[in-house]
Amino acid sequence: MTVFEYAPAPESAAIADVRASYGLFIDGEFTDGGGEPFKTVNPATEEALAEVATADQADVDRAVAAARRAFETVWGPMPGTERAKYLFRIARLLQERSRELAVLESIDNGKPIRESRDVDLPLVAAHFFYYAGWADKLGHAGFGPDPRPLGVAGQVIPWNFPLLMLAWKIAPALACGNTVVLKPAETTPLTALLFAGICRQAGLPPGVVNIVTGAGETGRLLTGHPGIDKVAFTGSTGVGRQIARQVAGTRKRLTLELGGKAANIVFDDAPIDQAVEGIVNGIFFNQGHVCCAGSRLLVQESVAAELLERLRTRMATLRVGDPLDKNTDIGAINSAAQLARIQDLVAAGEAEGAERWAPACDLPAQGYWFPPTVFTQVAASHRIAQEEIFGPVLSVLTFRTPDEAVTKANNTPYGLSAGIWTDKGSRILWTAQRLRAGIVWANTFNKFDPASPFGGYKESGYGREGGRHGLEAYLDV
Amino acid sequence: MADPTTLPKKTDQQGLRAFLHGLPAVDQTGAQERAARLASRSIKTSAKAAAIDLAISMVDLTTLEGADTPGKVRAMCAKAVRPDPAVPSVPAVAAVCVYPDMVDVAVDALRGTGVGVASVATAFPSGRAPLEAKLADTRAAVAAGAAEIDMVIDRGAFLSGDYAKVSDEIAAVKRACGPAHLKVILETGELATLDNVRRASWLAMRAGADFIKTSTGKISPAATLPVTLVMLEAVRDYRAATGRQVGVKPAGGIRTTKDAIKYLVLVNETAGADWLSPDWFRLGASSVLNDLLMQRRKLSTGVYSGPDYFTLD
């Protein structure tokens with residue numbers, strides 16, 4: 001027997017130029033912030049990468065004022081054909097600089113370079129290309145002959161897909177003629193600040209895009225600011241609730257993309273090897289830091305034993321480690337806080353009687369890591385079956401009939417996504433019609449396309465991002 | 001997975017059909033994605049060096065032309081034993097693969113070298129001949145000294161649903177092989193769907209195949225990564241069910257070191273390390289050998305030497 005060891009194949013960290021400190025991006029200029037600066041950390045090494053400014057009330061005021069000025073004097077009046085040129089230019093620059101952006105994303109976030117290179121960055125560019133195409137065709141989008149932008153959008157995004165979530169927010173907003181003030185997550189601000197540089201490189205007029213960094217308080221200042229017309233938030237359901245309360249009773253429009261606890265349903269006639277891949281991709285993609293992750297596996301009892309055996313065999317081949325190694329499948333957990341939350345829920349799962357299994361894997365001594373983990377003997381009443389873990393942890397439940405599968409899948413306050421695995425087309429349609437989830441994948445999982453709307457039912461939020469539907473959130477309709 | 005001990009008798013058409021159609025489905029898109037994902041592994045430095053030598057040792061160096069002559073076969077055999085005369089540390093290939101009438105030439109040329117002689121048989125490549133002719137073809141090759149027989153299945157019978165005929169024929173050829181190893185060529189380019197590839201793989205293994213092989217090399221597409229992925233899943237599952245290990249041989253269309261390494265990654269992460277040996281995995285190819293040699297020299301010397309530094313046989 002030959003052991004085929006893959007030698008380290010690291011992408012060069014030097015491709016990304018990380019500066020010692022970063023300011024806010026307001027009105028086309030990088031400026032200091034009034035708050036106490038914070039450090040962003042490489043989660044794979046726990047080393048501080050850079051010091052980043054914190055925006056205080058005055059900074060947010062300046063950013064909103066700059067965005068308002070840009071909206072009223074430049075971007076709002078600009079014909080869609082002209083706005084499109086800027087967006088196409090940004091999209092091309094994102095492609096040209098994708099390697100640098102991918103490396104920076106992996107360093108700051110901990111996600112494997114294979115994913116930032118092959119998934120995040122191509123989707124980021126695609127999103128800008130897609131909405132650039134809409135900018136001069138808004139009259140044909142089904143929202144009236146000449147739909148108007150809302151004005152200034154305040155946008156707050158999470159740390160799991162920092163640049164991709166930025167693209168989902170900024171591209172449609174700009175295409176529709178709005179200007180934006182965006183706050184990236186405090187653990188992953190670097191690619192947004194590099195994006196600010198790309199806006200300058202593209203010659204985007206000052207004030208159209210403003211980036212304010214900081215923790216939750218900066219986000220509250222932004223979403224609560226009286227000068228904005230629209231709030232868009234992606235993140236936890238808890239924070240989403242706070243924002244909804246804050247916005248209630250104001251003129252602001254609101255879209256929320258929140259948590260999930262998606263069911264990945266495997267029927268007995270599923271293409272079993274591909275279903276195993278889909279389960280792996282559903283929960284271990286991006287360390288499970290995915291709001292639409294397939295974190296609840298619902299498998300038909302008659303094939304459960306065979307499927308789980310194959311799943312365990314497959315999990316043993318997952319490569320956990322250095323995010324910059326091109327062969328890494330699972331990178332670092334984004335932060336110490338998130339790691340603690342995962343550990344807390346996993347401990348709860350064990351305490352409640354579920355059976356925990358993870359393949360043997362050597363985790364690096366430094367950094368935040370968690371092995372790919374699967375829980376069997378999970379009851380619907382366990383916390384690990386109900387709460388979003390947001391980590392590489394899968395909870396397995398079984399079902400006996402299609403009706404039971406649908407009932408269990410829908411038995412959650414969330415409703416973001418779901419997966420169906422069966423070789424039978426009619427069963428796909430039957431099941432999809434009954435699932436209360438915004439996105440339903442059939443015989444695949446975690447597939448994204450800028451033309452396809454994305455969003456939740458129930459406590460997974462409201463509003464849609466992507467596709468023609470995604471325009472509605474940024475138009476006065 | 002069905003229990004193999006309760007499998008139908010080989011002539012039980014209905015039972016065999018029920019078994020093969022009861023195998024789990026293959027989702028083509030998913031299989032293609034998985035193969036493409038594995039193909040994106042980055043194999044560098046020491047891993048690449050080990051992979052190149054392993055790949056060389058797995059090559060079935062092949063010439064299957066109407067214009068083959070004893071001189072051509074002897075030249076290929078010399079290359080098989082010492083692929084790079086300037087560098088003795090380069091391993092020999094696994095075997096040479098020739099038509100039955102060239103077996104005696106190859107056996108003479110390779111005596112005592114450890115390099116095997118494989119022969120195609122059973123009216124290769126179409127398989128369109130009476131069973132008796134196919135068996136005579138096989139016996140002649142074995143009598144001439146072939147240690148491995150690469151047979152083709154009757155794709156017409158398979159596609160018309162006559163699985164029993166395909167199975168009986170494989171079993172008959174297996175008997176005719178005697179001690180020689182039997183590789184069964186599925187000609188996946190003509191089976192078209194991955195469901196068919198999985199069914200044909202199981203059919204061949206149940207009928208006695210020691211190896212399952214993708215292609216003759218005469219039909220396009222020949223070996224592809226998704227097809228090989230499905231076959232590797234089949235041998236993995238078959239061993240889990242029966243305890244018997246069957247080898248896999250992709251053949252045709254493997255031209256570069258990159259291609260060869262992609263197949264090794266596929267083996268490593270699908271069937272597992274137990275298959276990473278010439279006993280259980282072969283690469284049916286000819287032109288890939290020179291590229292492997294060229295990449296090997298590049299790794300050891302740091303510079304590329306031109307194609308003229310490697311023999312064309």
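Bear in mind that the values here come from a model prediction, so they are computed numbers and not experimental data.

Chemist: Explain the interface of chain A and chain B to me, using residue names and the numbers behind them.
Modeler: Every contact between the two is made by 24 residues of chain A and, on the other side, 31 residues of chain B. Contact between chain A and chain B buries roughly 2500 Å² in total, counting both sides, with carbon and sulfur atoms accounting for 47%. Looking at the side of chain A facing chain B, the largest losses of area belong to A:Phe4, A:Tyr6 and A:Gln274, adding up to 25% of the total buried there. Summed over the shared surface of chain A and chain B, the number is 7 salt bridges. Residue A:Arg310 is joined to B:Asp237 by a salt bridge in which the shortest nitrogen-to-oxygen separation is 3.1 Å. The interface formed by chain A and chain B contains 12 residue pairs in polar contact (both at pLDDT 80 or more). Residue assignment for the side of chain A that touches chain B shows that the elements contributing at least two residues are helix H9 (272-284) and helix H10 (301-315) of chain A.

Chemist: Can you lay out the pairing of strand E5 (residues 181-185) of chain B for me, pointing to particular residues and giving the numbers?
Modeler: All names here are of chain B. Along E5, 4 of the 5 residues are buried, which leaves the element largely enclosed by surrounding structure. Pairing between strand E4 (residues 148-152) and E5: 5 bridges, direction parallel. Across the sheet, residue Asp150 finds its bridge partner in E5, namely Lys183. With 3 bridges joining them, E5 and strand E6 (residues 211-213) adopt parallel strand pairing. Counted as the bridge partner of Val184 is Ile212 from E6.

Chemist: Hey, could you go over the packing of helix H2 (residues 80-96) of chain A against helix H6 (residues 190-201) of chain A for me, with residue numbers and the actual values?
Modeler: Residues and elements named next belong to chain A. It is the contact of H2 with H6, at a shortest axis distance of 9 Å, that shows an interaxial angle of 125 degrees. Judged by the inter-axis angle, H2 sits oblique to H6. Pair H2 / H6 crosses with right-handed handedness. Facing Ile90, Leu93 and Leu94 of H2, the residues of H6 in contact are Phe195, Ile198 and Gln201.

Chemist: Can you lay out the UniProt feature "active site" (unreviewed entry) in chain A for me, pointing to particular residues and giving the numbers?
Modeler: Annotation from UniProt places "active site" (unreviewed entry) at A:Glu257. Along the chain, A:Glu257 falls in strand E10 (residues 253-257).

Chemist: Give a detailed account of the sheet that holds strand E7 (residues 247-249) of chain B, specifying residues and quantitative values.
Modeler: Residues and elements named next belong to chain B. Taken in spatial order, the 8 strands of this open sheet run E7-E6-E5-E4-E3-E2-E1-E8, and their pairing is parallel. Of all strands in the sheet, those bounded by a partner on one side alone are E7 and strand E8 (283-285). Adjacent strand axes in the sheet meet at a mean angle of 25 degrees, parallel and antiparallel pairs treated alike. Of the strands in this sheet, strand E1 (59-62) and strand E2 (95-98) are in contact with helix H4 (residues 70-81), which crosses E2 at around 160 degrees.

Chemist: Requested: an account of the nonpolar core, with residues and values cited.
Modeler: Residue and element names in this part refer to chain A. Ranked by size, the top nonpolar core spans 112 residues in total, and within it Phe128, Phe195 and Val209 carry the most contacts. By residue number, the principal contributor to this core is helix H5 (residues 162-175), which donates 11 residues. When residues are assigned to domains, this core turns out to be shared by domain 1 (13-258 + 457-472) and domain 2 (263-442), each giving three or more. Once you skip the residues sitting within four places of it in the chain, Phe128 turns out to touch Leu87, Ile90, Ala91, Leu94, Ala167, Ile170, Ala171 and Phe195.

Chemist: Residues and numbers for the packing of aromatic side chains, please.
Modeler: Here the structure, examined in full by the defined rule, presents 18 aromatic pairs over all chains. Taking 5.5 Å as the distance between ring centres and 80 degrees as the angle between the ring planes, the aromatic pair formed by A:Phe267 and A:Phe399 counts as edge-to-face. Within this pair, whereas A:Phe267 is found in the loop between strand E11 (263-266) and H9, its partner A:Phe399 is found in strand E15 (residues 393-399), the two being separated by 132 residues in sequence. By the burial criterion, A:Phe267 is buried, and A:Phe399 matches it. In this structure an aromatic cluster arises from ring pairing among A:Trp168, A:Trp441, A:Phe445, A:Phe448 and A:Phe454. When the ring centre of A:Phe267 is taken as origin, the NZ or CZ atom of A:Arg427, which lies over that ring, is 5.3 Å away. Cation over ring: B:Arg206 sits above B:Phe19, and NZ or CZ is 5.1 Å from the ring centre.

Chemist: Can you break down the environment of B:Ala80 residue by residue, with the values?
Modeler: All names here are of chain B. The residue Ala80 is located in helix H4 in this model. Classification of Ala80 as buried rests on a relative accessible area of 0%. Discounting chain neighbours no more than four positions away, the residues touching Ala80 are Leu61, Ala92, Val93, Val96 and Val115.

Chemist: Can you tell me about the domain arrangement of chain A, naming the residues and giving the values?
Modeler: When the parts of a complex come together, some accessible area is lost, and that lost area is often used as the size of the interface. Residues and elements named next belong to chain A. Partitioning chain A into structural domains gives domain 1 (13-258 + 457-472) and domain 2 (263-442). Opposite the 32 residues of domain 1 that make contact, domain 2 presents 33 residues. For the pair domain 1 and domain 2, the summed buried area comes to about 2700 Å², and 56% of that belongs to carbon and sulfur atoms. Three residues, Trp159, Tyr457 and Lys458, lead the burial of domain 1 against domain 2; their summed loss comes to 23% of the area buried on that side. On the surface where domain 1 and domain 2 come into contact, there are 16 residue pairs in polar contact (both at pLDDT 80 or more). Mapped onto the side of domain 1 that touches domain 2, the elements with two or more residues apiece are helix H3 (98-109) and helix H4 (113-134). Residues that form the side of domain 1 that touches domain 2 fall into these classes: 13 nonpolar, 9 polar and 10 charged.

Chemist: How would you explain the side chain of A:Arg114 if you had to name every residue and give the values?
Modeler: Looking at the secondary structure, you find A:Arg114 in helix H4. Ignoring sequence-local partners within four residues, the contact set of A:Arg114 consists of A:Val119, A:Lys326, A:Thr328, A:Asp329, B:Arg37 and B:Ser40.

Chemist: Give me the lowdown on the pattern of salt bridges, citing residues and values where you can.
Modeler: Residue and element names in this part refer to chain A. In total, this model carries 56 salt bridges over all chains according to the counting rule given. Glu51 is the partner of Lys39 in a salt bridge, and the nearest nitrogen-oxygen pair spans 3.5 Å. Residue Lys39 is found in strand E4 (residues 38-42), and its partner Glu51 is found in strand E5 (residues 47-52); the two are separated by 12 residues along the sequence. Judged by its relative accessible area of 52%, Lys39 falls in the exposed class.

Chemist: If you had to explain the UniProt feature "domain: Aldehyde dehydrogenase" (unreviewed entry) in chain A to someone new, which residues and values would you point to?
Modeler: As annotated in UniProt, the feature "domain: Aldehyde dehydrogenase" (unreviewed entry) corresponds to residues 32-476 of chain A in the numbering used here. Strand forms 15% of residues 32-476 of chain A and helix 42%; the C-alpha atoms that close the span are 34 Å apart.

Chemist: Describe in detail the sheet that holds E5(A), supporting the description with residues and values.
Modeler: Residue and element names in this part refer to chain A. Strand order in the open sheet formed by 3 strands is E1-E5-E4, with mixed pairing between adjacent strands. Whereas interior strands pair on both sides, the edge strands pair on one side only; in this sheet they are strand E1 (21-22) and E4. Pairing between E4 and E5: 5 bridges, direction antiparallel. Counterpart to Asn42 in the pairing with E5 is Glu47.

Chemist: If you had to explain the packing of H4(A) against H5(A) to someone new, which residues and values would you point to?
Modeler: For any two helices packed against each other, one specifies the inter-axial angle together with the distance between the axes. Residue and element names in this part refer to chain A. Running from N to C, H4 and H5 cross one another at 5 degrees; their axes reach a closest spacing of 9 Å. Between H4 and H5, the angle falls in the class roughly parallel. Residues Asp120, Leu121, Leu123, Val124, His127, Phe128 and Tyr131 of H4 form the contact with H5, whose own contacting residues are Leu163, Leu164, Ala167, Trp168, Ile170, Ala171, Pro172 and Ala175. Across the contact of H4 with H5, the residue classes tally to 13 nonpolar, 1 polar and 1 charged.

Chemist: Could you give an account of the environment of A:Ala358, naming the residues involved and the relevant values?
Modeler: Residue and element names in this part refer to chain A. With respect to the helices, strands and loops of the structure, Ala358 is situated in the loop between strand E13 (355-357) and strand E14 (373-376). Residue Ala358 is classed as partly exposed on the basis of its relative accessible area, which comes to 30%. With 355 residues separating them in the primary sequence, Ala358 and Val3 have C-alpha atoms 22 Å apart.

About the cut-offs
- Residues numbered from 1 in each chain as written.
- Chains lettered and ligands numbered in written order.
- Predicted model: local features only at pLDDT ≥ 70, side-chain atom pairs only at ≥ 80, totals over all residues.
- Heavy atoms only, no water.
- Contact = heavy atoms within 4.5 Å.
- Buried area = accessible area lost by both parts, 1.4 Å probe.
- Salt bridge = Lys/Arg side-chain N within 4 Å of Asp/Glu carboxyl O.
- Polar contact = N/O pair within 3.5 Å; in protein donor to acceptor, adjacent residues only side chain to side chain.
- Helix = DSSP H or I, 4+ residues; strand = E, 2+ residues; numbered from the N terminus.
- Buried < 20%, exposed > 50% of the residue type's maximum accessible area, 1.4 Å probe, protein only.
- Pairing = 2+ DSSP bridges.
- Axes fitted to C-alpha atoms, helices over the stretch in contact; angles between N-to-C directions.
- Parallel < 35°, antiparallel > 145°, perpendicular 65-115°, else oblique.
- Left-handed = near helix turned anticlockwise from the far one by under 90°.
- UniProt positions renumbered as here; feature names shortened; annotations may be inferred.
- Core = buried A, V, L, I, M, F, W, Y, C linked by side-chain atoms within 4.5 Å.
- Domains from an automatic or database assignment.
- Phe/Tyr/Trp six-rings, centres within 6.5 Å; stacked < 30°, edge-to-face > 60°.
- Lys NZ or Arg CZ within 6 Å of the ring centre and 35° of its normal.
- Nonpolar A, V, L, I, M, F, W, Y, C, P; charged D, E, K, R; others polar.

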